[in-house]
Amino acid sequence: MKKRLALLLTTALMVTAVLSGCTSKGESAKGEKKEVKEYTEKKSGDTFTVGFDQDFPPMGFVGDDGEYTGFDLELAEEVCKRLKLEFVPKPIAWEAKNAELASGGIDCIWNGFTMNGREDEYTWSEPYLNNKQVFVVRADAGIESEKDLEGKVVDVQTESSAQAALNDQAKLSGTFGNLEVVPDYNTGFMNLESGAADAVAMDIVVASYQIGKRKADFKILDKEIAAEEYGIGFAKGNEAVRDQVQNTLEEMAADGTLAKISTKWFDEDITIIGK
């Protein structure tokens, strides 16, 4: 009888041990359910919050009237009008963009946001602009190519695509006297104007606009640091809202609205949706 009881107890313990190592899908080993965030389409009257860098003209910035403006913000506002959503532009610290998106503080990152190298980090719209990273220098500095940047100070925005591209090209950036990381490109341009920096590595779309707007004696070197595309970044898995925005942008491309907004900001249509 005792042997039989011992055998039963041993069997029970073995079964318990096996079961304790099994968890259902979506549960941790302790039986805690993992929360999987589900995204749904926006409905009429909902807010649509766009995260952007307010020091990144012409994509998003503070206008002379103190209001937020820019090419990307104007696109986003038109999308909201068509979807009957409340447009909410939200300036963010660029290094905090992922935290803002993960927490739900913003619905998307829409601000000259480079897709290349980030393909798996977000749910993306289709690209809407082509772009490349370039060097901007003073026209009278005697700098004609990237070779002339040897020993020079080059500014780049923190967490930017230009910074990532130069980090990947150590053979080039290693020739600089210093690769100086600045909080925004306004600071970079001020450093360039004052002589504190010899060059700024940045997006050609933004560089061309800034040079024209500032009427400064700057030029863009022929050297292409990296070619890339701009897209709209949504939280991973948020295909529902992404599709709403993408479909609306395609409608805007078809009826000429994208071309009209692009021409307003860049004097030509540089958008690529539907082309």
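Residues numbered from 1 in each chain as written. Predicted model: local features only at pLDDT ≥ 70, side-chain atom pairs only at ≥ 80, totals over all residues. Heavy atoms only, no water.

## Re the overall build of the chain
What the chain contains, in helices and strands, is 9 helices and 13 strands. Relative to its full complement of 275 residues, the chain shows a buried share of 43%. Of the accessible surface of the chain, which amounts to about 14,700 Å², a share of 50% is contributed by carbon and sulfur atoms. (Helix = DSSP H or I, 4+ residues; strand = E, 2+ residues; numbered from the N terminus. Buried < 20%, exposed > 50% of the residue type's maximum accessible area, 1.4 Å probe, protein only. Areas by Shrake-Rupley, 256 points an atom, 1.4 Å probe, with all protein chains shown as cover.)

## Digging into the side chain of serine 173
Inspection of the secondary structure puts serine 173 in helix 5 (residues 170-173). What makes serine 173 buried here is its relative accessible area of 16%. One polar contact links the side chain of serine 173 to the main-chain carbonyl oxygen of leucine 166, over a distance of 3.1 Å. (Polar contact = N/O pair within 3.5 Å; in protein donor to acceptor, adjacent residues only side chain to side chain.)

## Considering the environment of leucine 249
Along the chain, the position of leucine 249 falls in helix 8 (residues 239-254). Note on leucine 249: relative accessible area 1%, which makes it buried. With 121 residues separating them in the primary sequence, leucine 249 and tyrosine 128 have C-alpha atoms 8.9 Å apart. Among all residues touching leucine 249, those that are not within four sequence positions of it are Val79, Trp110, Ile232, Leu258 and Ile273. (Contact = heavy atoms within 4.5 Å.)

## Section: the sheet that holds strand 4 (residues 68-69)
Strand order in the open sheet formed by 3 strands is 2-3-4, and the pairing between neighbours is antiparallel. In this open sheet, the two edge strands, each paired with only one partner strand, are strand 2 (55-56) and strand 4. (Pairing = 2+ DSSP bridges.)

## Here we look at the pairing of strand 9 (residues 153-157)
Across the 5 residues that make up strand 9, a large majority, 4, are buried. Both strand 9 and strand 10 (residues 178-182) contribute to a ladder of 5 bridges, which runs parallel. Paired with valine 154 across the bridge in strand 10 is leucine 179.

## Some words on the pairing of strand 6 (residues 108-114)
Among the 7 residues in strand 6, 7 count as buried, and that is most of the element. Pairing of strand 1 (residues 47-52) with strand 6, which is carried by 2 bridges, proceeds in the parallel orientation. Directly across from valine 50, in strand 6, lies its bridge partner cysteine 108.

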